[in-house]
Amino acid sequence: MVDPPLMRWWGWGDPARPPTLSPPTLRLLSQTVGIAARPRPPVALGRVQLAPPGLPERVLQRLREIVGREGIRDDHAERVAHAAGKSYPDLVRLRAGEPDGAPDVVVLPVDADQVRAVLELCARLSLAVVPFGGGTSVVGGLAPLSGGHAGVVAVDMRRMGEILGLDRESLTVAVQAGIRAPALERYLATRGLTLGHFPQSFEYVSLGGCAATRSVGQASTGYGGVERMVLGLRVATPVGEIELPALPASAAGPGLRQLLVGSEGTLGVICTLALRVRAAPQERVYEGVFFEDFAAGVGAFQALAQSDALPDLARLSDEEETRVTLALADPGRVSLEGFKRRLGRLYLGMRGHRGRGCLAILGFEGGHEEVAVRRERALASIRQNGGLAVGRMPGEAWLKTRFSAPYLRDELLTQGVMVETLETASQWSQLRRLHREIGGAIADSLSACGTPGLVMCHISHLYATGASLYFTFLARQREGDEIGQWRTVKEAASQAIVNGGGTITHHHAVGIDHAPWMEREVGSTGMAALRALKLELDPTGIMNPGKLLVLSGPG
Ligand SMILES: Cc1cc2nc3c(=O)[nH]c(=O)nc-3n(C[C@H](O)[C@H](O)[C@H](O)COP(=O)(O)OP(=O)(O)OC[C@H]3O[C@@H](n4cnc5c(N)ncnc54)[C@H](O)[C@@H]3O)c2cc1C
């Protein structure tokens, strides 16, 4: 297998690629939220404080007997790299050199048999196990919590990245769950196929991690979320294995596949996956549409979703996100300036309205004829509902910069700016109200912290009955109390979400951060049912303690 790409231990992405913020972005930040008086870079790796690893040599020897000498790592760099994921609190703590603990050892199995043997040993010795895929969790899903056990073992899936087989006739591929999304797409591309799963974290995610978190990609409106792609899977648990074959459908009782998808490493380790694939698109058309305001855009998107005219990607920014997107568009590019002028003219021409306007991106993928037909139908529906098509520039610009945004987060933190995202989904009938209430809760709580900020939102995954809302907010960090400031806002936003009838998470998963609101969503009997399943598969509670199924909290 190909080695997975290196990742900065204190942030996002390729360590060789320097993070940068353009001068207009820095200017906008200073004028709006404010930046730190002096840059606040991360500490050096050697200064990260970790307690020494606590496992006795005889335990390490038993692990070595299962995974081999090269399958065990407990050096400082490896433990730091497995100390956290990529949530805002994770990054704040890592950059300060003060992660909330680290695994005692990182174990690198090569197949399902080794995983099963590691889990059996850990259950016998009372060691907590944290499954580790691409390491991109944004909800604390990788926190190395012992849950009262004698130590923490991270099971890193990076040596389990093999393709096990392609069934061209059925359009399914079988893989080891540690395979990274780019490696799978490269393999499929040479065969004229695609999985079609492109989360913004695409560069690093493992398919096992995606399945464990019910992840969605940018074009989920067309390709579906990962839960629609997983047809079969093999999961090692502390008490044995569950193997479910790749079937197109089954009425054999409740959907066990769907209980394992989204289980966040709390029931076992997903070792292999059988995934649905599709023909790679011959054509991709991504283009811009402009609406008078967010409410009008929501109405038009609802009409699209309910009239069988859906694009593969549909994304609607609210007024604030549109304003910031256009303000930050690269001013050096003449054609983009031209686009802005044209947009301005079109916009002012819209029913004489002088509001702020909202930009949407529509993306169509598939065969040439199919794209032409679907695009025509969608644009007709958009026009009927007050939208203006503004050409391909915004769609192409969005596609080009899509995977660069995570790099900016690191630089924003260096400038003393808190940047965080959170997401939900709800029915169309609730969406406009929920947008107002969550946005208001974020803005009010930021102000209450003495750090008023920018709050932006977009819709990015459409269903016939509703859609997701994805908020991004920026504010100056409260130095010395960065986590307290974040917690205040997170709690206010989460409360607004559950009070307003939204899900606590549409695709980021539950982890630690959303666990206190889980019971509000599934009820106490629902929680009891999930805990009973855990007790059966993981009787000693070693699997990813403290995530997903913890006791109820606020709300
Ligand atoms: C910049 C950025 C952008 C993001 N964009 C998106 C997006 O567009 N869409 C989206 O859905 N998410 C997104 N995320 C969140 C994250 O990428 C997803 O949750 C992703 O699915 C995690 O995959 P991973 O391989 O990195 O898993 P990890 O982060 O390693 O693990 C996530 C959880 O799954 C468990 N786990 C991992 N592998 C296994 C396994 N084989 N078996 C059992 N449990 C396992 C872990 O214990 C943990 O609880 C983003 C994150 C970042 C940092």
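Residues numbered from 1 in each chain as written. Predicted model: local features only at pLDDT ≥ 70, side-chain atom pairs only at ≥ 80, totals over all residues. Heavy atoms only, no water.

What about the site of the ligand?
Applied cut-off: Residues are classed as near a molecule or strand on a simple rule: at least one heavy atom within 4 Å of it. Contacts described as polar in this section are N or O atom pairs within 3.5 Å, which, within protein, must combine one atom able to donate a hydrogen with one able to accept it, while residues neighboring in sequence count only if both atoms come from side chains. Residue burial considers only the protein chains on display, and all accessible areas are found by Shrake-Rupley using a 1.4 Å probe. Secondary structure elements are defined from DSSP: runs of H or I of at least 4 residues count as helices, runs of E of at least 2 residues count as strands, and each element is numbered from the N terminus. Charged residues are taken to be Asp, Glu, Lys and Arg, nonpolar residues to be Ala, Val, Leu, Ile, Met, Phe, Trp, Tyr, Cys and Pro, and polar residues to be all remaining types, Gly included.
Taken together, 35 residues lie near the ligand, and Pro 131, Thr 136, Ser 137, Ser 201 and Ser 206 sit nearest. Between the ligand and His 507, the relevant distance is 3.5 Å, taken from an oxygen atom to a main-chain nitrogen or oxygen of the residue. Coverage of the ligand by the protein chains reaches 96% of its 960 Å² of free accessible surface. Those elements that provide at least two residues to the shell around the ligand are β3 (128-132), α7 (207-213), β10 (269-276) and α16 (405-414). In terms of residue count, α7 provides more of the shell around the ligand than any other element does, five residues in total. When the residues that make up the shell around the ligand are grouped by side-chain class, the tally is 14 nonpolar, 17 polar and four charged.

As for helix α17 (residues 428-448)
Formally: Between the first and last residue of a helix there are one fewer steps than residues, each counted as 1.5 Å, and that sum is the expected span. The angle separating two fitted axes, one through the seven residues that finish at a residue and one through the seven that start at it, defines the bend at that residue. Each residue's exposure class comes from its accessible area (1.4 Å probe, protein chains only) as a fraction of the maximum for that residue type: buried when under 20%, exposed when over 50%, partly exposed otherwise.
In this model α17 runs 30 Å from its N-terminal to its C-terminal C-alpha over 21 residues, within 8% of the 30 Å that 1.5 Å per residue would give. The axis of α17 is deflected most strongly, by about 30°, at Leu 434. Along α17, the residues classified as buried are Trp 428, Leu 431, Leu 434, His 435, Ile 438, Gly 439, Ala 441, Ile 442, Ser 445 and Leu 446. Phi turns positive, to about 80°, at Gly 450, one or two residues after α17.

What about the confidence of the model for the protein?
Short version of the rule: pLDDT expresses, on a scale from 0 to 100, how confident the predictor is about each individual residue. Residue contacts follow a heavy-atom distance rule, with two residues in contact if any of their heavy atoms lie within 4.5 Å.
In this model, the protein carries an average pLDDT of 93, and 94% of its residues clear a pLDDT of 70 or more. In this model, residues 331-336 is a region of pLDDT below 50 whose contacts with residues beyond four sequence positions or in other chains number eight contacts.

Details of the packing of helix α4 (residues 88-95) against helix α18 (residues 482-499)
Rules: An axis is simply a line fitted to the C-alpha atoms; with a helix, the fit covers only the stretch in contact. Between two such axes, the angle follows the N-to-C directions and lies from 0 to 180 degrees. The scheme is simple: roughly parallel for angles under 35 degrees, roughly antiparallel for over 145, roughly perpendicular for 65 to 115, oblique for anything else.
Closest axis-to-axis distance for the α4/α18 pair is 10 Å, and the angle between their directions is 175°. It follows that α4 is roughly antiparallel to α18 by the angle criterion. Residues Tyr 88, Pro 89, Val 92 and Arg 93 of α4 form the contact with α18, whose own contacting residues are Glu 482, Ile 483, Trp 486 and Arg 487. Its residues assigned to classes, the contact of α4 with α18 comprises five nonpolar, no polar and three charged.

Considerations on the nonpolar core
Rules: The set of buried Ala, Val, Leu, Ile, Met, Phe, Trp, Tyr and Cys residues whose side-chain atoms join them within 4.5 Å is what this entry labels a nonpolar core.
In terms of nonpolar packing, the biggest core is built from 62 residues, with Leu 184, Leu 273 and Leu 275 touching the most fellow members. Sorting elements by how many residues they give to this core places helix α5 (residues 112-125) first, with six residues. In this structure, Leu 273 is in contact with Val 173, Ala 174, Val 175, Ala 177, Leu 207, Gly 208, Ala 211, Val 230, Gly 232 and Leu 233, ignoring residues within four places of it in sequence. Listed in part, the 48 residues of the second largest apolar core include Ile 382, Leu 422, Leu 462 and Ala 475.

Here's the deal with empty space enclosed by the protein
Operational definition: Cavity and pocket criteria rest on a 1 Å grid covering protein atoms alone: a 1.4 Å probe that fits but cannot get out defines a cavity, protein on both sides within 12 Å along at least 5 of 7 lines defines an open pocket, and an atom within 4 Å of a point defines a lining residue. Grid points are joined across faces, edges and corners, and a volume is the space filled by probe spheres set on the points.
The tally for this structure, following the rule as stated, stands at one cavity of 30 Å³ or more. Here the largest cavity is characterised by a volume of approximately 60 Å³. In this structure, the largest cavity is lined by Val 138, Val 139, Glu 420, Thr 421, Leu 422, Glu 423, Trp 486, Lys 490, His 508, Asp 513 and His 514. Elements with a contribution of two residues or more to the lining of the largest cavity: β16 (417-427) and α18. For the lining of the largest cavity, the leading source of residues is β16, giving four residues. Residues of the lining of the largest cavity, tallied by class, amount to four nonpolar, three polar and four charged.

Some points on unusual backbone geometry
Located in the positive-phi region is Asp 308, a residue other than glycine, with phi close to 55°. As for its placement among the helices and strands, Asp 308 is situated in the loop between α11 (294-306) and β13 (313-317). You will see that Ala 509, though not glycine, has its phi angle at about 80°, which is positive.

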